[in-house]
Amino acid sequence: MSSDGMFGEFGGQFVPEALMPAIEELTDAYDRYVQENEAGFMDDLQSHLRSFGGRPTPIQRADQLSERYGCEVYLKREDLVHGGAHKLNNALGQVLLAQYMDKERIIAETGAGQHGTATTMSCAHLGMPCEIYMGRHDVNRQRPNVFRMRLNGATVNPVDIGRGTLKEAISETMRDWARTVETTHYVIGSVVGPHPYPAMVRDFQSVIGREAKRQLREEIGELPDAVVACAGGGSNAMGSFAPFVEESSVDLHAVEAGGSDLSIDGDTGIAPNSATLSIGTRGVLHGSHTKILQDEDGQIMESHSVSAGLDYAGVGPELAALVESGRLTAATVDDDTALEAFHRLSQTEGIIPALETAHAFGYLEAHGEALGDTVLVTVSGRGDKDLETVIEESHRRELDVGFDLSVFDAEVQ
Amino acid sequence: MTDPIAAAFIDNPAFIPYLAAGDPGPFDEPPSADDAVAQTSAYIDALVAGGADIVELGLPHSEPIADGPTIQQASVRALEAGMTPDRFFELVDDLPADLPIVAMTYYNMVYRYGGSPGVDEFIEAAAAAGVDGIIVPDLPVEESDPLCAAARDAGVHIIFIAAPTTTDERLAAVMQRCSGYLYVQARLGTTGSQTDVSDQTRSSLGRVRSFETNFERDPLPKAVGFGVSSGEQAADIVAAGADGVIVGSALIDEITGAGTDRARAERQLEALATELAAGTERGAARRQSGPERT
Ligand SMILES: Cc1ncc(COP(=O)(O)O)c(C=O)c1O
């Protein structure tokens, strides 16, 4: 990355002038506290991540999957981070940074509610008031997380515009910020948005890849042949990949949501998928030049995925640049395959993954035998939040997994 | 030929209404795109009859991050009725040639126009249609060089926004690139109507003015927008030193408030425009009769 926040042609700062002074202030704070560890910020963060967040998380050899695919499959267990997903790595970092910057209030968007929960937990932990914006559709499909956020004392504002998913939540949080920017910090939940967010969120999430690299060295004495992670905005993917980008022997695979169909309908403005890296085109959304799902006029499309956290029409600019340069392989896994993978991981490894994470394992099922001798897969989060959705969605389909739902018939009919 | 935008500020302060192009007003079933565009033309006629000096026309975008609920809803209505960039340019092309038109839209609309990424095609089409100036609220000076260069070649103004949070350093960069008029954002937040004149407005105007005296360029007209809704407010803003007043959401509220009665919407629009234009004139008179500047 160059100092102006560009990743090749991608990145930049496309935000209203009113926000630019705050973005400049944040860039300065990022340079000093995060990159240069001024005032011992990074040490302070690490200590919170250890005692409050439960880091480091282990890597685990997945015995059943290793046998199934004929290679060594290692899991990086971010589902064991406090809150149940990698999201805390970034949220805690940003809330602490806001405190170092003397900000008085935190706002954030959330899709699956994992970033929202990580943010409200961090705010409760550090004593900051907090408001979360969440699309109405997501409020309804991720209810446990709405309760968790409220239990932490945060206000959750449902966003009724559009389809009511992550895109609308981000736009609405930006509107709040435009009003309150002098006292408020906006904790963006992924490697998206204007510079410095993509770089800063990547740096906070790189702890995933750094730990895994060290742990693999200790355990097997070598680098993996491939790193696989799901990608919505791309923060667990970028955090997993960043320490391996310079290692040319390591292949990087970002798995996006293929939804129900990879085609897009320009007339209705609907993309029944969230495969931005795979089928998106260059454009500007939410502050950065990246790949987006859009129609020929430049209107942003409504995306779709069975998993709320991947349901987004944009993606981080650094991932777009890595795909463009050929360093990173972008792939898609559709709703059905992700649901099957959800059940498989639950049954064979005893890990109930988030639906987002399940996409990475759907990819493993399709390509596991061709990824090399050692494969590292990031388990970005756990699936407790998704149980209602999974029961409903599994029931509607004839999935290739032994999962008897008759016990629920009374409820789901 | 004098520049149409510069001409609009000569002698008297300018009243500058904003509408979302292609928004017909509330509907049960969306009208045809042609009807929606024709309705926008009728609304523009009403604004001109009420005393509009320049008209800002929004080219609706699906993610209007700088807009409050009123303009968001108008954008949704326009998009549902089938508004596109090409229809936008046709609409502008059909308006009276002597009415200065400023297009307001988000950067992705500019960047994607014409099929290949880049700003040139949008600027060419805008210039050909008779667009005099362009405002891109999500384009800060940092990212504006390609657009400014293309616009300069085509003789189109790029109008920048100075916000209450804009630092002196940033103001210098804004003033260097801005042409046509400077859009002084009256208050923090998104667009949407308010009732008072904020201290932020007065201090922003004062800051820009004192800045201009040290700055080597012809002074730019300063038009204040965001939250202006009444003639009294318009008068206060002009009395405080503004050269123009920009009003959007309050006018669109009139359209929305009229429901599906378009004739009523046009009448109410003209009435509010008349009040706002009169307020602008009153403010100018007050300014001449005594120093109110802060
Ligand atoms: C568990 C989990 N994984 C992945 C994601 C997708 O986000 P990102 O691509 O930024 O990692 C989310 C988002 O909510 C999530 O909750």
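Bear in mind the structure is a predicted one, so any value in this text is a computation, not a measurement. (Residues numbered from 1 in each chain as written. Chains lettered and ligands numbered in written order. Predicted model: local features only at pLDDT ≥ 70, side-chain atom pairs only at ≥ 80, totals over all residues. Heavy atoms only, no water.)

Asks: Let's hear about the sheet that holds strand 9 (residues 226-230) of chain A: which residues, and what values?
Replies: All names here are of chain A. If you trace the six strands from one edge of the open sheet to the other, you get 3-4-14-9-10-13, paired in mixed fashion. Lying at the two open borders of the sheet, with one neighbouring strand each, are strand 3 (59-61) and strand 13 (328-334). Across the sheet, the mean angle from the axis of one strand to that of its neighbour is 25 degrees, orientation sign disregarded. (Pairing = 2+ DSSP bridges. Helix = DSSP H or I, 4+ residues; strand = E, 2+ residues; numbered from the N terminus. Axes fitted to C-alpha atoms, helices over the stretch in contact; angles between N-to-C directions.)

Asks: Describe helix 1 (residues 20-35) of chain A, and please don't skip the residues or the numbers.
Replies: Its 16 residues give helix 1 of chain A an end-to-end C-alpha distance of 21 Å, which sits within 8% of 22 Å, the value for a rise of 1.5 Å per residue. All of the buried residues in helix 1 of chain A are A:Met20, A:Pro21, A:Ala22, A:Ile23, A:Leu26, A:Thr27, A:Ala29, A:Tyr30, A:Tyr33 and A:Val34. Tucked inside the fold, the buried residues of helix 1 of chain A contact helix 2 (41-51), helix 4 (87-100), helix 8 (166-180), strand 8 (184-186) and helix 9 (197-205) of chain A together with helix 8 (168-177) of chain B. Among the residues trailing helix 1 of chain A, A:Asn37 stands out with phi positive, at a value near 55 degrees. (Expected span 1.5 Å × (residues − 1). Buried < 20%, exposed > 50% of the residue type's maximum accessible area, 1.4 Å probe, protein only. Contact = heavy atoms within 4.5 Å.)

Asks: So, the packing of aromatic side chains: which residues are in play, and what are the values?
Replies: Residues and elements named next belong to chain A. A complete count under the given rule lists 15 aromatic pairs over all chains for this structure. Note on Tyr-33 and Tyr-100: the rings are 5.3 Å apart at their centroids and 75 degrees apart in plane angle, and the pair reads as edge-to-face. You can see Tyr-33 sitting in helix 1 and its partner Tyr-100 sitting in helix 4, a full 67 residues away along the chain. Taking relative accessible area as the criterion, Tyr-33 reaches 11% and is therefore assigned buried. Exposure remark for Tyr-100: the relative accessible area of 22% places this residue in the partly exposed category. Aromatic side chains Phe-41 and Phe-204 sit 6.5 Å apart centroid to centroid with 50 degrees between the ring planes, which places their arrangement in the tilted category. Of the two residues, Phe-41 is situated in helix 2 and Phe-204 in helix 9; the sequence distance between them amounts to 163 residues. (Phe/Tyr/Trp six-rings, centres within 6.5 Å; stacked < 30°, edge-to-face > 60°.)

Asks: Pulling in residues and values, what's your account of the pattern of salt bridges?
Replies: Residue and element names in this part refer to chain A. The tally for this structure, following the rule as stated, stands at 46 salt bridges over all chains. A salt bridge links Arg-175 to Glu-172; the nearest nitrogen and oxygen atoms lie 2.6 Å apart. Taken together, the residues span about one helical turn, with Arg-175 and Glu-172 both in helix 8 at a distance of three residues. Considered together, Arg-175 and Glu-172 belong to a single accessibility category, that of buried residues. The shortest N-O distance in the salt bridge between Arg-202 and Asp-203 comes to 3.0 Å. The pair formed by Arg-202 and Asp-203 is uniform in burial state, with each residue classed as buried. In the salt-bridge network here, residues are joined through shared partners; they are Glu-9, Arg-282, Lys-291 and Glu-324. (Salt bridge = Lys/Arg side-chain N within 4 Å of Asp/Glu carboxyl O.)

Asks: Account for the sheet that holds strand 5 (residues 105-110) of chain A, with residues named and values stated.
Replies: All names here are of chain A. With respect to topology, four strands assemble into an open sheet ordered 7-6-5-8, the strand pairing being parallel. The two strands at the open ends of the sheet, each matched to only one other strand, are strand 7 (155-159) and strand 8. Within the sheet, the average angular offset between the axes of one strand and its neighbour, ignoring direction, is 20 degrees. Pairing of strand 5 with strand 8 involves three bridges; the strand directions are parallel. Considered in strand 8, the bridge of Ile-106 is made with His-185. Those strands touched by helix 8 are strand 5, strand 6 (130-135), strand 7 and strand 8, and its axis lies near 160 degrees from that of strand 5.

Asks: Can you explain the site of the ligand? Please cite residues and give values.
Replies: All names here are of chain A. In the neighbourhood of the ligand, 19 residues make up the surrounding shell, with Ser-190, Gly-232, Gly-234, Ser-235 and Ser-380 lying closest. Between the ligand and Lys-87, the relevant distance is 3.1 Å, taken from an oxygen atom to a side-chain nitrogen or oxygen of the residue. Gly-232 places a polar main-chain atom, nitrogen or oxygen, 2.7 Å from an oxygen atom of the ligand. Within the complex, 98% of the 390 Å² of free accessible area of the ligand lies under protein. Residue composition of the shell around the ligand, by class: six nonpolar, 11 polar and two charged. Both of domain 1 (6-51 + 86-201) and domain 2 (59-84 + 206-405) provide at least three residues apiece to the shell around the ligand. (Near = heavy atom within 4 Å. Polar contact = N/O pair within 3.5 Å; in protein donor to acceptor, adjacent residues only side chain to side chain. Areas by Shrake-Rupley, 256 points an atom, 1.4 Å probe, with all protein chains shown as cover. Nonpolar A, V, L, I, M, F, W, Y, C, P; charged D, E, K, R; others polar. Domains from an automatic or database assignment.)

Remember that the coordinates give geometry; whether it matters functionally is a separate question.
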